[in-house]
Amino acid sequence: MSASPDILKYFHEEPALLEPVTPDADPDARRRGDRSELPENVSVPLEDLLDTRDAYRGYLAGTNRTDEQVGLTTLRTPAAYTEPLTSALGRAWWGRCTPDGHVDALDDEGARRVLRAPHNTAVLVTAAAPVDAERMAAVAGRARRRALPALRALLGEAHVAWFPEPAHDGHDWSFFSASPMRDRLVAAFRERPTDAVRRFVLPYQHARSESKFYFDKWQLTGSPLPDYIEEV
């Protein structure tokens, strides 16, 4: 019997207000419906809370159904996401920053390796030209998105900034840009069909609870999917 295809989920928010998020260490904290608007023990300056500049945000998650593992990087066919991501959103320069602030320039294949396995990577960046290392280091580490001005400054130079997110097994990826991403990424998925992975696209606002985030556990058989979920 053939193996069940893996699942890839692309959550988009365009535009998205840059705002404090829940702690990175808990893979479920980002999608619990009962979480507070502002996480406890996070100090955010008032001027950041009042800043209404926005960006464009994406989140890629995945499930390896054969091995029963949860996390985008556990997919058995990583090219199902690495190739569309690099072709649709990549630019001439790639770089990654480690948690201790060390920056390495990467070629396209190096970027795909990091997307497959983000070991010792705090942020992955693509841009038309090399990005200032200090701007990348400013968002590296656990507190990277609490420093909202640093992320806004980074997006002033970078086309896309990617952050590895701990999943139950492996990692997911969240990513931010100053430009729209959804249409380009969906087009890249469509141009690269695969029988090994089913890929779904839906607004982030419909995934703000654990049950909706993991819709693929019980909604892929039987009743039709909600209108807001698109398979590509």
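Residues numbered from 1 in each chain as written. Predicted model: local features only at pLDDT ≥ 70, side-chain atom pairs only at ≥ 80, totals over all residues. Heavy atoms only, no water.

A word on the overall build of the protein chain. Check the secondary structure of the protein chain and you find 7 helices and 10 strands. Looking at the protein chain as shown, the accessible area adds up to about 10,900 Å², and 49% of this sits on carbon and sulfur atoms. (Helix = DSSP H or I, 4+ residues; strand = E, 2+ residues; numbered from the N terminus. Areas by Shrake-Rupley, 256 points an atom, 1.4 Å probe, with all protein chains shown as cover.)

With that settled, the discussion passes to the nonpolar core. In summary, soluble globular proteins display a tendency toward joint burial of nonpolar side chains. In this structure, Leu8, Tyr10, Leu60, Leu85, Leu89, Trp162 and Phe175 are the most contacted members of the largest nonpolar core, which totals 28 residues. Of all the secondary-structure elements, those providing two or more residues to this core are β1 (6–17), β2 (54–64), α2 (79–89), α3 (108–116), β7 (160–166), β8 (171–177), α6 (182–191) and β9 (197–203). Residue contacts for leucine 89: discarding those within four places in its chain leaves Pro84, Thr126, His159, Val160, Trp162, Phe175, Met181 and Arg184. Ranked by size, the runner-up nonpolar core spans 19 residues in total, among them Val125, Met136, Ala140 and Leu155. (Core = buried A, V, L, I, M, F, W, Y, C linked by side-chain atoms within 4.5 Å. Buried < 20%, exposed > 50% of the residue type's maximum accessible area, 1.4 Å probe, protein only. Contact = heavy atoms within 4.5 Å.)

On to the packing of α2 against α6, then. In a packed pair of helices, the relevant descriptors are the angle between the two axes and the axis-to-axis distance. One can describe the packing of α2 onto α6 by two numbers: an axis separation of 9 Å at closest approach and a directional angle of 130 degrees. One way to sum up the angle between α2 and α6 is to call them oblique. The two elements α2 and α6 cross, and the hand of that crossing is right-handed. Counted together, Ala80, Tyr81, Pro84, Leu85, Ser87, Ala88 and Leu89 of α2 and Arg184, Leu185, Ala188 and Phe189 of α6 form the full contact between these two elements. For the contact of α2 with α6, the class distribution of residues is 9 nonpolar, 1 polar and 1 charged. (Axes fitted to C-alpha atoms, helices over the stretch in contact; angles between N-to-C directions. Parallel < 35°, antiparallel > 145°, perpendicular 65-115°, else oblique. Left-handed = near helix turned anticlockwise from the far one by under 90°. Nonpolar A, V, L, I, M, F, W, Y, C, P; charged D, E, K, R; others polar.)

To continue, consider the packing of aromatic side chains. One pair of aromatic rings is described through two measures. These are the centre distance and the angle between the planes. Enumeration according to the criterion identifies 5 aromatic pairs in this entry. Members of the aromatic cluster, connected to one another through ring pairs, are Tyr10, Trp94, Trp162 and Phe175. Here the guanidinium or amino end of arginine 57 rests over the ring plane of tyrosine 204, the centre of that ring lying 4.7 Å away. (Phe/Tyr/Trp six-rings, centres within 6.5 Å; stacked < 30°, edge-to-face > 60°. Lys NZ or Arg CZ within 6 Å of the ring centre and 35° of its normal.)

Attention now goes to α3. Where α3 is concerned, the buried positions are Gly110, Ala111, Arg112, Val114 and Leu115. In this structure, the buried residues of α3 make contact with α2, β4 (93–97), β5 (103–106), β6 (123–127), β7 and β8.

Tracing the chain through its elements places proline 164 in strand β7. Counting along the chain gives 10 residues from proline 164 to serine 174, while the straight-line C-alpha distance between them is 6.5 Å.

This part is about unusual backbone geometry. With an omega dihedral of -5 degrees, the bond running from glutamate 14 to proline 15 counts as a cis peptide bond. Tracing the backbone through its elements, the reader meets proline 15 in strand β1. Phi at glutamate 68 is positive, roughly 55 degrees, even though this residue is not glycine. The residue glutamate 68 is located in the loop between β2 and β3 (69–70) in this model. Unusually for a residue other than glycine, asparagine 120 sits at a positive phi of about 60 degrees. Within the element layout of this structure, asparagine 120 appears in the loop between α3 and β6.

Now for the confidence of the model for the protein chain. This prediction gives the protein chain a mean pLDDT of 83; 77% of its residues lie at or above 70. Counted against residues more than four places away or in other chains, residues 20–24, with its pLDDT under 50, gives 20 contacts. Contacts for the low-pLDDT stretch residues 32–52, under 50 throughout, to residues beyond four places or in other chains number 28 contacts. (pLDDT = per-residue confidence, 0-100.)

This paragraph deals with the pattern of salt bridges. A side chain of one charge can pair with a side chain of the opposite charge if their charged atoms are brought near each other. One pass over the structure, following the stated rule, counts 12 salt bridges. Taking the shortest distance from any N to any O, the salt bridge between glutamate 109 and arginine 116 comes out at 3.0 Å. When its relative accessible area of 29% is taken as the criterion, arginine 116 is described as partly exposed. With a shortest N-O distance of 3.1 Å, aspartate 183 and arginine 182 are connected by a salt bridge. Looking at aspartate 183, the relative accessible area reads 58%, which means it is exposed. (Salt bridge = Lys/Arg side-chain N within 4 Å of Asp/Glu carboxyl O.)

Glancing now at the pairing of β9. Of all 7 residues in β9, 5 are buried; the element is thus mostly enclosed. As judged from the 2 bridges shared by β9 and strand β10 (residues 230–231), these two strands associate in the antiparallel manner. From the neighbouring strand, phenylalanine 200 faces β10, where its bridge partner is glutamate 231. (Pairing = 2+ DSSP bridges.)

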